[in-house]
Amino acid sequence: MQSEISLAGASWAAVQRFDRQPQYTEVNPGEDAKLTCTLHHRKGHCSWQKDGKPVGMYPRKYEWVAGGAAMGPGGPMPPPGGDCSIWVRSATIEFDDGEWECQVTASDFASQDALTSNPVKLVVRVAPQRPRIEYNATQMAPGQNVSAKSGERASLRCISRYGNPPAKLKWMLGDEPLSDTGNQTSVREQDNPKTWSTSSVLDLAVVKRHHGRSLRCVALHDLYIARSLDVDVKLDVRFPPEVRLVGAPSKDVEEGRDTVELRCESEANPPATITWRRSQKAEILNTMNSTMILRPARRSDTGTYTCQARNVVGASQPLSVHIDVKYPPRILHVGPDRKVTAQLFSQTSFTCEAEGNPQPSIQWLQKMPIHPMAIADGSAEDKVILRGAEPRLVLTNLTYDHQGEYVCRAANKIANVERPVQSEPIPVHIKGAPQVVRRPNAEVYAARGHDAIIRMVVCADPRPRRISWEWGSMQLEAGMIMGRYKAEELAQDVREDCYEARFHIKGADAADARSYTLTAENERGSDRHTVLLAVRGEQEIVDEDTARTRLHSNPVSMIAMIGILAVGMIILLITACVLICAYRKETCCFKRRNDTQPTTGELNSEKSPGGPLAQSRRSSHDSNGALASPPIYTTSPPRGGPRMMQGAVVTATGAYHHTGINHPISSAEKVRLSPMVLQPPTRV
């Protein structure tokens, strides 16, 4: 049994088998090709088949690689050993291109170990023709346009013919390989079955960006000089227009100065036609040129301009730009009258119409009338007052302050530069009774011992015929002098129909500190105004001015004032409570006292010629025999009180009143005016 197993193992080890089988091989025409076939333990005879037919060994055509041992009927016999490889000399496509097989006969009849290799191709290369591109079943010449509409799919076919092996094809868009290389198929040529026809189909989604680019089909083959050969076509993508508007103004466009050049740039294939329209008029302005020029721009050119492009594929979206032509203001009408004469305290109105772009703002300005003499000597300058900011100006309760020239000022801004214009002036003249100009502070200060001048301005048309100054019971008309007092004639003020009235007081003293009234009259009426003259020492005037300045520069806050008033009210309430308590408890000054009555002797002494009353009557006569002021009775001697005027009586409260009567005071009056002492009532 063991010997049988050993014989079987030795028998298996001696079975012939392939070591290397033939492989796919390509060879250029005229070159030698080696087909390799080696075996282990070869015992049979080697042979080769091509396309299913035996191939004999012929010198300089088919030869054993290991050399033949002897010549047989079919040529050299295969060499001993396991190498059955052959040389194919000077390969040609006609005789050598095909499928080759290496075969080995059985070692003996009974072993049945004959071998046949897998068939392999020996390819004798043939360079294919230049590839070509077909579009819509039409062959395209190199560089020819392939026209397609954007958004469509274009199917192109690349063909390479009469090549062996078949060429490999790939597509390129410019220098960019396409991810979709298409479907490639190869079939043998009908008229030359040894060669192949190869085609590749590209299904391309055409978009606008492909326009004008090169589409190439590249054939790869080892027999090409550069191992590749290509053919290209140019993509002609048809797409609707897309427009871009250039030249839209970025700043204000002024009439008569600026030029506007609008350019409508269109991108389209085929080229588009440009159409310009203006929205307001819906009119076609230009269909021949992509540029719209407004030279120079006019106000009538204001509007919205729209450009649109159109070709056989479609139309673009319209693009619009608004052109707003600016122009400075122009006053169209001012009125209703070119000259106005109005009565004092009456009413008048004006209107102003102006145009411009932007819409101008309106102002009514009053130029105050200046007297020609003031203009000639340069003592006055033009004064302009803003009276209104609306097209219609209404003046009510007219005074001489409204007299002057009124102009309508219209202004707008173009390119951040103001463009003003003014109308012709409208003179306004006021007629009426005199009007004394009121001052905010009706108080005039003068230094003691210096001359005081009171000035007031009065306006009137016609001119005042009478000017007078009054103080106390005194009156002085313009142009007159009375002692230290002088009323000057009216002097022309800088304003037309206005005059300055001056009142001089020489060496002013405390007695001159009083109210002074100016009265002006003309044919239409009169007016009067009072000012107060305050006479102070020079240092007092300086101190008062400083205090007034501080008061205005550092005003007391409302909260502080309320606090001060609240504290004062609390103090008053506490004082009142203390007095009431003292009165009820009869303490302090509210203690009970005995009633006192004047004695008969005292009354008789006052009635006697040498008594005090008689002496006071004698002293009431001055040196000229005039009656002097009656004696003044007070609870205490006055200190720093008001200056006592003739005929004034100071009451128990310290106030004084003018009585207008000079006569002796009787004993009853004296008793009535004697000091009074508050005492509690006498209890019985």
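Summarised in this report is the structure supplied together with it.

What counts and how
Residues numbered from 1 in each chain as written. Predicted model: local features only at pLDDT ≥ 70, side-chain atom pairs only at ≥ 80, totals over all residues. Heavy atoms only, no water. Buried < 20%, exposed > 50% of the residue type's maximum accessible area, 1.4 Å probe, protein only. Helix = DSSP H or I, 4+ residues; strand = E, 2+ residues; numbered from the N terminus. Pairing = 2+ DSSP bridges. Disulfide = S-S within 2.5 Å. Axes fitted to C-alpha atoms, helices over the stretch in contact; angles between N-to-C directions. Phe/Tyr/Trp six-rings, centres within 6.5 Å; stacked < 30°, edge-to-face > 60°. Lys NZ or Arg CZ within 6 Å of the ring centre and 35° of its normal.

The element strand E39 (residues 426–436) is extensively covered by neighbouring structure, given that eight of its 11 residues are classed as buried. The pairing of strand E32 (residues 340–343) with E39 spans four bridges and is classified as parallel. Across the sheet, Ala 342 pairs through a bridge with Ile 430, a residue of E39. With three bridges joining them, strand E37 (residues 404–414) and E39 adopt antiparallel strand pairing. In the sheet register, Glu 405 faces E39, and the bridge partner there is Pro 427. In this sheet, strand E41 (residues 452–461) lies alongside E39 in antiparallel orientation, the contact comprising three bridges. In the strand pairing of E41, Val 436 is matched with Val 458.

Quick look at the state of the cysteines now. A full pass over the atoms with the stated rule returns six disulfides. The side chain of Cys 352 participates in a disulfide bridge whose partner is Cys 408; the two sulfur atoms lie 1.9 Å from each other. Negative torsions about the S-S bond denote left-handed disulfides, and the value of about -75 degrees found for Cys 352 with Cys 408 makes this one left-handed. Here the residue Cys 352 occupies a position in strand E33 (residues 348–357), and Cys 408 occupies one in strand E37, the gap between them amounting to 56 residues. Assessed through its relative accessible area of 0%, Cys 408 is described here as buried. Cysteines bonded in the protein chain are numbered consecutively along the chain; their disulfide partners then correspond to 1-4, 2-3, 5-6, 7-8, 9-10, 11-12. Among the cysteines around Cys 577, which has no disulfide bond, Cys 581 carries the closest sulfur, lying 6.7 Å off.

The strand order across the open sheet formed by five strands is E15-E14-E17-E21-E20, and the pairing between neighbours is antiparallel. The strands lining the two open edges of the sheet, one partner per strand, are strand E15 (138–140) and strand E20 (183–188). Adjacent strand axes in the sheet meet at a mean angle of 30 degrees when their direction is disregarded. Direction of pairing for strand E14 (residues 132–135) relative to E15: antiparallel, over a ladder of three bridges. Bridge pairing in E15 places Tyr 135 opposite Thr 138.

By the secondary structure assignment, Met 57 is in the loop between strand E6 (53–55) and strand E7 (62–64). Since its relative accessible area comes to 5%, Met 57 is described here as buried. Separated by 30 residues in the primary sequence, Met 57 and Trp 87 have C-alpha atoms spaced 9.5 Å apart.

Neighbouring strands of a sheet are bound in pairs by backbone hydrogen bonds; such pairs are parallel or else antiparallel. Read across the open sheet, the four strands follow the order E24-E31-E33-E36; overall the sheet is mixed. Bordering the open sheet on either side are strand E24 (253–254) and strand E36 (392–395), each of which pairs with just one other strand. As defined by bridge partners, strand E31 (residues 325–335) adjoins E33 across six bridges and the pair is classed as antiparallel. Paired with His 333 across the strands is Glu 353, a residue of E33.

With the rule as written, the count across this model stands at nine aromatic pairs. On the basis of an interplanar angle of 55 degrees and a centroid distance of 5.2 Å, the ring pair of Trp 471 and Phe 503 is categorised as tilted. Here Phe 503 lies in strand E47 (residues 498–505) and Trp 471 lies in strand E42 (residues 466–471), a separation of 32 residues in the sequence. Judged by its relative accessible area of 4%, Trp 471 is buried. By relative accessible area, which is 0% here, Phe 503 ends up buried. Taking 6.1 Å as the distance between ring centres and 15 degrees as the angle between the ring planes, the aromatic pair formed by Tyr 485 and Phe 503 counts as stacked. Pair noted here: Tyr 485 is in strand E45 (residues 485–487) and Phe 503 is in strand E47, with a separation of 18 residues, a long-range link. Residue classification places Tyr 485 among the buried positions, given a relative accessible area of 14%. Aromatic rings pair up to connect Trp 469, Trp 471, Tyr 485, Phe 503 and Tyr 516 into one cluster. The ring of Tyr 327 carries Arg 299 above its face, with NZ or CZ at 3.7 Å from the centroid.

The analysis is restricted to geometry; functional conclusions fall outside its scope.
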